Structure formats: structure tokens, C-alpha cells
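What follows is the residue order along each chain.
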Amino acid sequence: MKSIWPRPSCWPASAIYFIDNTQTSFLLTDRGDDTPIPRHPDFRLLACMNPATDLGKRDLPAAVRSRFTEIYCGDLSDRGEVRQIVVAYLQPLALNVELLEKVVELFFILKTLAETKMVDGVSHKPHYSLRTFTQALKFAVKNPMGKVVRSLYEGFCLSYLTQLSRESQSLMKKTIAEHLFGEAGLKHPDLSLRAPRPTAGRYERIEGYWIACGQLEPVRDEKHILTETVKSNLTEVARAVSAGQVPVLLQGETSIGKTSLITWLARATGNRCVRLNNHEHTDLQDYLGSYQPNEDGKLVFCEGILVDAVRKLLLRLYWIILDELNLAPGNYEMGINNRRRHNCV
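A. Structural view of the overall build of the chain. Helix and strand counts for the chain stand at 12 helices and 8 strands. Counting the 345 residues in the chain, one finds 33% classified as buried. Across the chain, contacts joining residues at least 24 apart in sequence account for 60% of those joining residues at least 6 apart. About 21,600 Å² of surface is accessible on the chain, with carbon and sulfur atoms providing 52% of the total.

B. Layout of empty space enclosed by the protein. This model, assessed by the stated rule, comprises 1 cavity of 30 Å³ or more. Volume-wise, the largest cavity comes out at about 30 Å³. Lining the largest cavity are F107, K111, Y128, S129 and Y160. Grouping the constituent residues of the lining of the largest cavity by class yields 3 nonpolar, 1 polar and 1 charged.

C. Local environment of the packing of aromatic side chains. Counting across every chain of the model gives 7 aromatic pairs. Pairing F107 with F108 gives two aromatic rings, centres 5.0 Å apart and planes at 85 degrees, and the pair type is edge-to-face. Judged by relative accessible area, F107 falls into the buried class, the value being 3%. An aromatic cluster is built from F107, F108, Y128, F133, F156 and Y160, whose rings are joined through pairwise contacts.

D. Just the confidence of the model for the chain, in detail. Considering every residue of the chain, the mean pLDDT works out to 81; 83% of them sit at 70 or more. Long-range and interchain partners of residues 1–9, a stretch whose pLDDT sits below 50, account for 19 contacts in this model, where long-range means more than four residues apart. Per-residue pLDDT stays below 50 along residues 338–345; that stretch engages in 12 contacts with residues further than four places along the chain or on separate chains.

Procedures and definitions
- Along each chain, residue indices are assigned from 1 in the same order as the chain's sequence is written.
- Predicted model: local features are reported for residues with pLDDT of at least 70 only, side-chain atom pairs are reported and counted for 80 or more only, and whole-chain, interface and lining totals are derived from all residues.
- The side-chain figures draw on all heavy atoms in the structure; neither hydrogens nor water molecules are used.
- Numbering of helices and strands runs from the N terminus; a helix is a DSSP stretch of H or I covering at least four residues, while a strand is a stretch of E covering at least two.
- Burial classes follow relative accessibility: with a 1.4 Å probe on protein chains only, a residue under 20% of its type's maximum area counts as buried, one over 50% as exposed, and anything between as partly exposed.
- We call two residues in contact whenever any of their non-hydrogen atoms come within 4.5 Å of each other.
- Methods summary: accessible areas were calculated by the Shrake-Rupley approach with a probe of 1.4 Å, and residue burial reflects only the protein chains presented.
- Cavities and pockets are defined on a 1 Å grid built over the protein atoms alone: a cavity is a set of grid points where a 1.4 Å probe fits but cannot escape, while a pocket is an open set with protein on both sides within 12 Å along at least five of seven lines, and lining residues are those with an atom within 4 Å of any such point.
- Grid points are joined across faces, edges and corners, and a volume is the space filled by probe spheres set on the points.
- Polar here means any residue outside two lists: the nonpolar Ala, Val, Leu, Ile, Met, Phe, Trp, Tyr, Cys and Pro, and the charged Asp, Glu, Lys and Arg; Gly therefore counts as polar.
- Only centres within 6.5 Å qualify two rings of Phe, Tyr or Trp (six-membered ring in Trp) as a pair; their planes then separate them into stacked at under 30 degrees, edge-to-face at over 60, and tilted for everything else.
- pLDDT: the predictor's confidence for each residue, scored from 0 to 100.

Right, here's the structure in full:
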């Protein structure tokens, strides 16, 4: 529902009639219609939303909310349910009972740690959800490191580690390692193993991770100075990119090298990089396209630069950088999110 309706403060009367199940028809007064549209007797409407207590979320107007039968969906808290999810996702790995229980327990340990001791890069408490957990499992089930426990470690680092501050990262990494590897923790010999090279395709090893090459010749810019901090950031980005279709968001202060880091990585792996710069006047049509007159004066739909880049991305030609993403208007971010969920971006 939140992807098709305007902001709660601007709900038109036709939208309220649309969700009111006591009405047998509704009228699009906003369009100037004078003929009611009948409601099919089998029509059903379901809506989802986050609590208004979440950052940036607003409560629904009482006139709208009262027309729904409201159901609260709580987060997973039962150990048996988490175990069921782990078994379903990691079934191909045939985990023994001991390792299975470790993964289940790690879900609760990291969630508690986030609520009590962790802060992200802007000193806020990180939010870990079931999606965070399953993303780690999706990475691990591919067993990209050749050893199951090591792949689990990499998967949890990918999902839980990267948004944290440096201090919190160290504690989180130590907790994950000690829980999976035992007392040896970060000194376990498996953590020094390199990922095996994929058997098919062209790949470049970047900070221990194999990244698929594009159609350009890989070039490593020697002018780009790789300090320890830059290498640390590069390692996290390389891990995420090597995972496949995982959108990566780099957050940091102005001019610390976020865009240049991605550009360097793209060149080092032979991928052409397209930068789409956002600003306060960015419109969704600028990137997805709009109707424009052609040479004959007829209105035709012209695809935007983002759609063009996505098409070329399917041919392994482009990486896309959505620079200054949080400067874009809300409708643009929502549109990008909808297309990302459908594997378009």
C-alpha cells in the first residue's frame, strides 16, 4: 500500500472510499469522474506498514486506520522457529546438530549484542532483523570459502558487521569468531584460508575475494593509495560484491573516498562504472523514464539513464553508483527500492 498511495496527510477521499468495505462502489473524484466504479464482491485488500515509532515512519490517519482489521506481527523469538529457518536455508550443507545449534544461538546473541553494546557509524543502535539473518544464511549456503564454518563466518560478517563503528566491528567480529570457532576465535587457522577460485568465468582476487570480471581489461590504479583503513573498507566491499546480487550502501563523511573506492574496484575487475548523482531536485522520471514527443510529435516513452544502465548491466557491462542517495526525494527512493526487490537494480 505504501508504494501506491500518497503520504498519510494527503489521503484523498477516493482512497478512503476505496478501502472502506462498507461501500459497494467508489468514485474517482480526483480525476473528475462522475460514474462510480463498482467493487467486486470478492475484492480483498491487505496492507503492511512499519510501526510509526520507526525513524521516518508516520502513523496512519484515524479515518484510514479504523477501516482496517489490524493485526500486529511480532518478530521471531522462539528458538524452535529460528532452528526451522536455519534448517530450511542450510539444508544443502547437511550441518551436524552441534553446528546447527551454534547458528541458532548466534541469532539471539547478536540481536542482544546490538541492543546493548553496538553502535553504527553515526552512533545509533543498529537494527538487525530476520532479513539480516537470512542474508547471512544465503551467503553461507553457497559455501564460497570451501569450508562450511568459514563460510558461515563470512556470511555473518557480511550481514552484521559492516554498518558498525570500528570499535563495534571489532567486538562483533570477535563474538562471531569465538562462537563459531571456539576458544581460538580470530586466531583459528581456517580464517587464514583463501577462497577457492571459481571454476567458470573470469575473476579477479581482491583482498581475498573473487569478483567476476566485466568485459574491460582489469587495471589496478597504482595512484590510488591503499592505506590500512582503505584496505579495511575495500575488504568489506569486496566481500559484499563477491556475494552476488547484494546491493551495497557505503556511508561516510564527505570526501573520504567512497565513490573513488568503488571506481577503483570496478576498474580493477574490468567493470564499467556508471555514476548517477542525486540531488534535491532529482525526480524518479529522470532515472526510470517519461513520455516525451518524438520527431513526429507523438508521445513515446523514453527510458531513463537508470533503466539503460540496468539493461547493460544484464550484459555484464555496467556497475551502477547511486551517489548521494539520501538527497533524492522520497518517491525516488521508494521507486528504487521497489525495483531492487524485483531484482531490477
